Amino acid sequence: MFTNLPRDWQERLQPTIEKLRERSFWKYIEKEYQQETIYPRKDNVWKAFELTSFSSVKVVILGQDPYHQPGQAMGLSFSVPSKTALPPSLKNIYKELEKDCQITHPGDGNLEPWAKQGVLLLNTVLTVRKGNAHSHKNKGWEVLTDEVIRLLNEEKKGVVFILWGKAAQQKVQLIDEKKQLVIRAPHPSPLSAYRGFFGSRPFSRTNDFLVDKGNKPIEW
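A brief report on the enclosed structure follows.

Thresholds applied
- The numbers attached to residues start from 1 for each chain and follow its sequence in the written order.
- Residues qualify for local features only when their pLDDT is at least 70, as the model is predicted, and side-chain atom pairs are given and counted only at 80 or more; totals for whole chains, interfaces and linings, by contrast, use all residues.
- Side-chain figures throughout are based on the complete set of non-hydrogen atoms in the structure, without hydrogens or water.
- To obtain an axis, a line is fitted to C-alpha atoms, over the contacting stretch when the element is a helix, and the angle between two such axes runs from 0 to 180 degrees between their N-to-C directions.
- Put simply, DSSP H or I for four residues or longer makes a helix, DSSP E for two residues or longer makes a strand, and each gets a number counted from the N terminus.
- Roughly parallel means an angle under 35 degrees; roughly antiparallel means over 145; roughly perpendicular covers 65 to 115; every other angle is labelled oblique.
- Between two residues, a contact is recorded if the distance between any of their heavy atoms is within 4.5 Å.
- By definition, any crossing whose near helix is turned counterclockwise from its far helix by less than a right angle is left-handed, and any crossing with a clockwise turn is right-handed.
- Here the nonpolar group is Ala, Val, Leu, Ile, Met, Phe, Trp, Tyr, Cys and Pro; Asp, Glu, Lys and Arg are the charged ones; every other residue, Gly included, is treated as polar.
- Each Phe, Tyr or Trp ring (for Trp, its six-membered ring) is paired with any other whose centre lies within 6.5 Å, and the angle between the two planes then decides the class: stacked below 30 degrees, edge-to-face above 60, tilted in between.
- Only protein chains enter the area calculation, which uses a 1.4 Å probe; residues under 20% of their type maximum are buried, those over 50% are exposed, and those in between are partly exposed.
- The span you would expect from a helix comes to 1.5 Å times its residue count less one.
- Note on terminology: a nonpolar core comprises buried Ala, Val, Leu, Ile, Met, Phe, Trp, Tyr and Cys residues joined through side-chain atoms within 4.5 Å.

Some points on the packing of helix 4 (residues 88-101) against helix 8 (residues 202-212)
It is at 7 Å that the axes of helix 4 and helix 8 come closest, and there the two elements cross at 55°. Here helix 4 is positioned oblique relative to helix 8, judged by the angle of their axes. Here Ile 93, Glu 96, Leu 97, Asp 100 and Cys 101 of helix 4 come into contact with helix 8, specifically with Pro 202, Phe 203 and Ser 204.

Below, the structure written as structure tokens:
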């Protein structure tokens, strides 16, 4: 299960990994993969950590759990594989990006280029059953992802945390807003995007902050 977890992450997360092993969480996840259709594929569970090392993290975009429809989840929050139809939330993210930064996106939903620039595309829960949103909520993943946020906050300074939706915003208690920038907004889904996601300008605000701190801005 941990063959793809890069060393700099694994070293920091090992105590939490062991804690979850004692709680039989990993046995539960393995059983789920054996008996159910689970997204993303097992080899993509750690994709966000593979593409964005601990040392390179400049921005965290926090989602809830993976897409639960076939062919969408790829281990990066809000991202879908190339040549896949854009989910409604990602369409709205691109709409806000265009309005915020005048960037017309080509329509490809693969966000790996963001991840490779230091944008950790993290979900609070890293797996889900097919067609069953939140099916792995409160099973144990949050213990690990909370520790990821806590470690980033503790060891780094000047990180931008973009919290979209209630599940993500609850994590603000793990973040020192004197050290980091927190950008809160409703979830980009069609149900809530018009309640404050549109117009929140997360992309330009992120880059303004990074530049102010002497860091290279993200090429969205």
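What follows continues from the structure just given.
Quick look at the packing of helix 1 (residues 7-22) against helix 6 (residues 141-155)
Viewed as axis vectors pointing N to C, helix 1 and helix 6 meet at an angle of 145°, and their least axial separation amounts to 10 Å. In this structure, helix 1 crosses over helix 6, and the sense of that crossing is right-handed. Facing Trp 9, Arg 12, Leu 13, Thr 16, Ile 17, Lys 19 and Leu 20 of helix 1, the residues of helix 6 in contact are Val 143, Leu 144, Glu 147, Val 148, Leu 151, Leu 152 and Glu 155. Within the contact of helix 1 with helix 6, the residues separate by chemical class into nine nonpolar, one polar and four charged.

Digging into the packing of aromatic side chains
Tallying each qualifying case throughout the model produces 16 aromatic pairs. Residues Trp 9 and Phe 54 carry aromatic rings whose centres are separated by 5.2 Å and whose planes lie at 80° to one another, so their mutual orientation is edge-to-face. With Trp 9 in helix 1 and Phe 54 in the loop between helix 3 (47-51) and strand 2 (59-63), this pair connects stretches of sequence that are 45 residues apart. Note on accessibility: Trp 9 and Phe 54 belong to one class, buried. Three or more aromatic residues link up through ring pairs in this structure, and these residues are Phe 78, Trp 114, Trp 164, Tyr 194, Phe 197, Phe 198, Phe 203 and Trp 220.

A word on helix 6
A rise of 1.5 Å per residue sets the reference length of helix 6, with its 15 residues, at 21 Å; its end C-alpha atoms lie 21 Å apart and thus fit the reference within 8%. Residues of helix 6 that are buried: Trp 141, Glu 142, Leu 144, Thr 145, Glu 147, Val 148, Ile 149, Leu 151, Leu 152 and Asn 153. At its buried positions, helix 6 is contacted by helix 1, helix 2 (25-35), helix 3, strand 2, strand 3 (119-123) and strand 5 (160-164).

So, the nonpolar core
Judged by nonpolar contacts, the single largest core of 67 residues is most densely connected at Trp 9, Ile 61, Trp 114 and Trp 141. In terms of residues, this core owes the most to one element, helix 6, which gives six residues. With residues up to four places along the chain from it excluded, the contact list for Ile 61 reads Ser 77, Phe 78, Trp 114, Val 119, Leu 120, Leu 121, Leu 122, Ile 162, Trp 164 and Trp 220.

Digging into the environment of Ile 162
Tracing the sequence through the fold places Ile 162 in strand 5. Placed 102 residues apart in sequence, Ile 162 and Val 60 show a C-alpha to C-alpha distance of 6.0 Å. Excluding its chain neighbours within four sequence positions, the residues that come into contact with Ile 162 are Val 59, Val 60, Ile 61, Leu 62, Ile 183, Pro 202 and Thr 206.

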